[in-house]
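# Fold and contact review
Here's the letter readout for the chains.
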Amino acid sequence: MGLELGTGQGSQREIADKWGIDRSTVVHICKVAKQAVVSGLAGSRPGRPGKTPEQVALDRRWARTAAAPTSFLDERSYRLKSATTGPDA
């Protein structure tokens, strides 16, 4: 019945007759359903949800890990290059 009302497959009177209930019952069901939809949408906000502080901290750790040298030799060559060419090279 709710699907029939929501998709407009018939008038309230036709649906009440089909299901063998009073039209006032159908009106009440429509009112309650509309209130539920409105209250459900009232709490929602558009866009993606923000990150939690834990997710932000984890992202920072991943960024530091990705930028760090992957082995001792990489670190040594990075330091040697920086010492001989200067920080601007």
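Relevant structure appears above.
So, here is what we can say about the structure in this document. (Residues numbered from 1 in each chain as written. Predicted model: local features only at pLDDT ≥ 70, side-chain atom pairs only at ≥ 80, totals over all residues. Heavy atoms only, no water.)

Glancing now at the overall build of the protein chain. On a plain count of helices and strands, the protein chain comes out with five helices and zero strands. Counting from the amino terminus, helix and strand elements in the protein chain follow one another as α-α-α-α-α. Within the protein chain, buried positions represent 4% of all 89 residues. Counting every atom, the protein chain has about 7900 Å² of accessible surface; 58% of that belongs to carbon and sulfur. (Helix = DSSP H or I, 4+ residues; strand = E, 2+ residues; numbered from the N terminus. Buried < 20%, exposed > 50% of the residue type's maximum accessible area, 1.4 Å probe, protein only. Areas by Shrake-Rupley, 256 points an atom, 1.4 Å probe, with all protein chains shown as cover.)

Now for the packing of helix α2 (residues 12–19) against helix α3 (residues 23–42). In contact at an axis separation of 8 Å, α2 and α3 are set at 115° when each is read in the N-to-C sense. Two packed elements cross with a definite hand, and for α2 against α3 that hand is right-handed. Facing α2, whose interface residues are Q12, R13 and A16, α3 presents R23, V26, V27 and C30. Of the residues in the contact of α2 with α3, the class split is four nonpolar, one polar and two charged. (Axes fitted to C-alpha atoms, helices over the stretch in contact; angles between N-to-C directions. Left-handed = near helix turned anticlockwise from the far one by under 90°. Contact = heavy atoms within 4.5 Å. Nonpolar A, V, L, I, M, F, W, Y, C, P; charged D, E, K, R; others polar.)

Before going further, it helps to examine the pattern of salt bridges. Throughout the structure, instances matching the rule amount to one salt bridge. Of the charged contacts, one joins K51 and D59 as a salt bridge, the two residues approaching to 2.3 Å between their closest N and O atoms. Note on D59: relative accessible area 36%, which makes it partly exposed. (Salt bridge = Lys/Arg side-chain N within 4 Å of Asp/Glu carboxyl O.)

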